[in-house]
Amino acid sequence: MGAVDEPITEPMKITFAEGRVDGEFRQVFGEMTAAPIPLGRTPLTLTPRYGGYSDFLSDDTRRGEFDIKFAIGSAHGLSALPSSGCSVGSDEDAVHLVLKDTEPTRVVSKDPLVVAFGAQDTEFAAPGSSGCGPLSRALDRTLGLPSVAGVNAFDMNVTVAIQPYV
């Protein structure tokens, strides 16, 4: 994304529920947790956060859609960064991912049911920083943001544990 080319080495964990309510299919987002991603030789970190929208219903053209933003922080307590709200994207202008399959679904376990697959988006645009005050321009320049559609990539190896609700 932009000038950032760092792997996410710790799993992002997303909890959601889906099913029929009064005959209609519905999804409810639960929560998302992720570890900070160190940015190379800078003191900066990016922490993936839920961006306010998810739709994990798959069809022939996509695996699902997901909005994400990245909290900008410091691995070394850089005091010049705002204490909260400084991020790449925001709830109003998040990174919108439309995930497409890169690997077919395979069953990892039948009891409990666990499946795995690969997905990616190489067509999304990335907004600039938000809520960073006077540091926004310097952060955007360092991170190569905003970044137009088609020059970014988000690749995922996904594992899904499925638990029925009674």
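Before reading further, recall that the structure is shown in the block above.
How each quantity is defined
- Position numbers for residues count from 1 along each chain, tracking the sequence in the order it is written.
- The model is predicted, so local features are restricted to residues of pLDDT at least 70 and side-chain atom pairs to those at 80 or more, both for listing and for counting; the totals for chains, interfaces and linings are taken over all residues.
- Side-chain numbers come from the whole structure's heavy atoms, not from hydrogens or water.
- Buried residues are those whose accessible area, probed at 1.4 Å on protein chains only, stays under 20% of the maximum for their type, while exposed residues exceed 50% and partly exposed ones sit between those limits.
- We count a stretch as a helix when DSSP gives it H or I for four or more residues in a row; a strand needs E for two or more, and each element gets its number in order from the N terminus.
- Between any two strands, at least two bridges found by DSSP are needed for them to pair.
- Note on aromatic contacts: the rings of Phe and Tyr and the six-membered ring of Trp form a pair at centre separations within 6.5 Å, being stacked when their planes are under 30 degrees apart, edge-to-face when over 60 apart, and tilted otherwise.
- In what follows, a disulfide is any cysteine sulfur pair within 2.5 Å.
- Nine residue types can take part in a nonpolar core, namely buried Ala, Val, Leu, Ile, Met, Phe, Trp, Tyr and Cys, and a core is a set of them joined through side-chain atoms within 4.5 Å.
- Note that patches include only residues with greater than 30% relative accessible area and no salt bridge, and the join distances are 9 Å for like charges and 5 Å for nonpolar side chains (Val, Leu, Ile, Met, Phe, Trp, Tyr).
- Under the convention used here, a 1.4 Å probe and the Shrake-Rupley method define accessible areas, while residue burial counts only the protein chains that appear.
- Any carboxyl oxygen of Asp or Glu that lies within 4 Å of a side-chain nitrogen of Lys or Arg is treated as forming a salt bridge with it.
- Polar contact is defined as a pair of N or O atoms within 3.5 Å, subject to the rule that within protein one atom must be able to donate a hydrogen and the other to accept it, and that residues adjacent in sequence are counted only when both atoms are side-chain atoms.
- Contacts are assigned to residue pairs that have any heavy atoms within 4.5 Å of one another.

Trainee: What is the right way to look at the pairing of strand β5 (residues 64-74) in this model?
Mentor: Where a strand is regular, its side chains alternate between the two sheet faces. With respect to burial, β5 is a largely interior element, nine of its eleven residues being buried. In terms of strand pairing, strand β4 (residues 44-55) meets β5 through nine bridges, oriented antiparallel. By the bridge assignment, T47 is partnered in β5 with A71. Bridge count between β5 and strand β7 (residues 95-110): five bridges; the pairing is antiparallel.

Trainee: Just checking my understanding: could you explain the packing of aromatic side chains for this structure?
Mentor: Each aromatic ring pair is summarised here by two numbers: the centre-to-centre distance and the angle between the ring planes. Under the counting rule described, the total for this entry stands at five aromatic pairs. Ring centres of F29 and Y50 lie 3.6 Å apart, and the angle between their planes is 10 degrees; on these two criteria the pair is classed as stacked. You can see F29 sitting in strand β2 (residues 24-33) and its partner Y50 sitting in strand β4, a full 21 residues away along the chain. Taken together, the ring pairs connect F16, F29, Y50, F56 and F66 into an aromatic cluster.

Trainee: For this particular structure, what's the right way to read the state of the cysteines?
Mentor: Note: disulfide means a covalent bond formed between the sulfur atoms of two cysteine side chains. Enumeration according to the criterion identifies one disulfide in this entry. With a sulfur-sulfur separation of 2.0 Å, C86 is cross-linked through a disulfide to C132. On the sign convention where negative is left-handed, the bridge of C86 and C132, at about 100 degrees about the S-S bond, is right-handed. Note that C86 is positioned in the loop between β5 and β6 (87-88) and C132 in the loop between β9 (129-130) and α1 (136-143), a separation of 46 residues in sequence. Residue C86 is classed as buried on the basis of its relative accessible area of 4%.

Trainee: Is there a simple way to think about the nonpolar core in this case?
Mentor: Generally speaking, nonpolar side chains in soluble globular proteins are found buried as a group. M1, L46, I68, F70, I72 and V88 are the most contacted members of the largest nonpolar core, which has 27 residues in total. Those elements giving two or more residues to this core turn out to be β2, β4, β5, β7, β8 (113-121), α1 and β10 (154-162). When residues of this core are assigned to their parent elements, the largest contribution, four residues, is made by β5.

Trainee: What am I meant to see in a nonpolar patch on the surface here?
Mentor: A cluster of nonpolar residues, V107, L113 and I162, forms a patch on the protein surface that exposes about 240 Å² of accessible area. Along the chain, the position of V107 falls in strand β7.

Trainee: Any chance you could explain the side chain of R63 here in plain terms?
Mentor: Turning to its location among the elements, R63 is positioned in the loop between β4 and β5. For R63, a relative accessible area of 17% corresponds to the buried category. A polar contact is formed between the side chain of R63 and the side chain of D101, at a distance of 2.8 Å. At 2.7 Å, the side chain of R63 forms a polar contact with the side chain of T105. In contact with R63, other than residues within four places in its own chain, are F56, L57, S58, L99, K100, D101, T105 and F117.

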